[in-house]
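Take a look at the letters that make up each chain.
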Amino acid sequence: MVKDRLIVCIASSWDYDPTSKHHLMKRLARHNRVLWVNYHGTRRPAMNSHDFRGALNVLKRIGRGVQRISPTMWQMTPFVIPAARNAALRGVHEWLVTRQIVRAARMIQQEENRPIQVWSFAPDVPFLAGKLSEECFVYYCVDDYTRFECHDPALMIAQETRLLQTADVVVATSEPLLKEKRKIRSDAVLNPHGVDFEHFARAWRDPPP
């Protein structure tokens, strides 16, 4: 059992519809503290009203700083340089993101000095490895991001390859993902998506109006 740790979770926004990431982190938060980092670092924004509204919401979340979700969970949104491609710009982006996450982790830690683990659901954060003096870095692969139009496939492949090579543990949520990741990490493990049975069982145990 993972217990008495500070888990830094790198994932899409906490305020989006609940996913397996939310489910897993809520369970881990029973015995640990969790810092959820809303991260969309290499996503290419489009010039449309949807992304414009999204950018405004992101700026609002950045301005709020570290927010408490529950007694043992927090979320924060770091300022990023979207889709930074050249080396100099990526260097600035990585430095900014790392500094903000480290600062947030220290704030939550205060005087406790709990061991830190990093659990990343994002494939493009190899630069974070070792930056929090973590005891373990977990790459939890839930999707093939190279197939998303909003991401640069070549950049995503390069970033994920680095992360696969440096992560301590690699987890895949489907057989196709596992097969692909094992080309680089033969020790990758499979953990299929599950459901909160008690939550969904309420629909037939106590049907709503």
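Here, every reference points to the structure presented above.
Predicted model only: the values in this text are computed from it and were never measured.

### Here's the deal with the overall build of the protein
For step 1, the next point in the chain: Within the protein one finds 6 helices and 8 strands.
For step 2, the next point in the chain: For the protein, the succession of helices and strands along the chain, N to C, is β-α-β-α-β-β-α-β-β-α-β-α-β-α.
For step 3, the next point in the chain: Each of the 209 residues in the protein was classed as buried or not, and the buried ones make up 43%.
For step 4, the next point in the chain: At a minimum sequence separation of 6, the contacts of the protein that also span at least 24 residues come to 65%.

### Quick notes on the pattern of salt bridges
For step 1, the next point in the chain: All chains considered together, the criterion is met by 9 salt bridges.
For step 2, the next point in the chain: Between E112 and R33 there is a salt bridge, with its nearest N and O atoms 3.6 Å apart. Remark: R33 occurs in strand 2 (residues 33–38) and E112 occurs in the loop between helix 3 (87–109) and strand 5 (116–120); sequence separation between them is 79 residues.
For step 3, the next point in the chain: R33 gets classed as buried once you look at its relative accessible area, which sits at 19%.
For step 4, the next point in the chain: R90 is the salt-bridge partner of E94, the closest N and O atoms lying 3.5 Å from each other. Note that E94 and R90 are positioned in helix 3 at a spacing of 4 residues, about one turn of the helix. The same class applies to E94 and to R90, which are both buried.

### Notes on unusual backbone geometry
For step 1, the next point in the chain: Of note in the backbone geometry, D4 takes a positive phi value of approximately 60° without being a glycine.
For step 2, the next point in the chain: Structurally, D4 is set in the segment before strand 1 (6–11).
For step 3, the next point in the chain: Overall, D4 belongs to the partly exposed group, its relative accessible area being 44%.
For step 4, the next point in the chain: Unusually for a residue other than glycine, N113 sits at a positive phi of about 55°.
For step 5, the next point in the chain: Structurally, the position occupied by N113 is in the loop between helix 3 and strand 5.

### Considerations on the environment of M1
For step 1, the next point in the chain: Within the secondary structure layout, M1 lies in the segment before strand 1.
For step 2, the next point in the chain: Taking the relative accessible area as the measure of exposure, M1 reaches 81% and is therefore exposed.
For step 3, the next point in the chain: Through-space distance from the C-alpha of M1 to that of H31 is 8.8 Å; in sequence the pair is 30 residues apart.

### Looking at the packing of aromatic side chains
For step 1, the next point in the chain: Per the counting criterion, the structure on display carries 3 aromatic pairs.
For step 2, the next point in the chain: On the basis of an interplanar angle of 75° and a centroid distance of 5.0 Å, the ring pair of W14 and W36 is categorised as edge-to-face. Taken together, the residues W14 in the loop between strand 1 and helix 1 (20–28) and W36 in strand 2 connect sequence positions 22 residues apart. The same class applies to W14 and to W36, which are both buried.
For step 3, the next point in the chain: Site record: aromatic cluster; members linked through ring pairs are W119, F121 and Y140.

### Details of the sheet that holds strand 6 (residues 136–141)
For step 1, the next point in the chain: Ordered in space as 3-4-2-1-5-6-7-8, the 8 strands form an open sheet in which the pairing is mixed. With one partner strand each, in any of the chains shown, strand 3 (67–70) and strand 8 (189–190) form the two edges of the open sheet.
For step 2, the next point in the chain: Pairing geometry for strand 1 and strand 5, over 5 bridges, is parallel. Considered in strand 5, the bridge of I7 is made with Q117.
For step 3, the next point in the chain: The strands that helix 3 touches are strand 1, strand 2, strand 4 (73–76) and strand 5; relative to strand 2, the one it contacts most, it runs at about 155°.

### Looking at the side chain of E134
For step 1, the next point in the chain: Counting through the fold element by element, E134 comes out in the loop between strand 5 and strand 6.
For step 2, the next point in the chain: One buried charged residue, E134, remains without a salt bridge, the closest side chain of opposite sign being K131 at 8.5 Å.
For step 3, the next point in the chain: Within the structure, E134 has its side chain in polar contact with the backbone nitrogen of G130 (distance 2.5 Å).
For step 4, the next point in the chain: Each residue touching E134, except ones within four places of it in the same chain, is listed here: I116, Q117, V118, L128 and A129.

Cut-off values and rules
Residues numbered from 1 in each chain as written. Predicted model: local features only at pLDDT ≥ 70, side-chain atom pairs only at ≥ 80, totals over all residues. Heavy atoms only, no water. Helix = DSSP H or I, 4+ residues; strand = E, 2+ residues; numbered from the N terminus. Buried < 20%, exposed > 50% of the residue type's maximum accessible area, 1.4 Å probe, protein only. Contact = heavy atoms within 4.5 Å. Salt bridge = Lys/Arg side-chain N within 4 Å of Asp/Glu carboxyl O. Phe/Tyr/Trp six-rings, centres within 6.5 Å; stacked < 30°, edge-to-face > 60°. Pairing = 2+ DSSP bridges. Axes fitted to C-alpha atoms, helices over the stretch in contact; angles between N-to-C directions. Lys, Arg positive; Asp, Glu negative; His and termini not counted. Polar contact = N/O pair within 3.5 Å; in protein donor to acceptor, adjacent residues only side chain to side chain.

Keep in mind that these numbers describe shape and distance, not what the molecule does.
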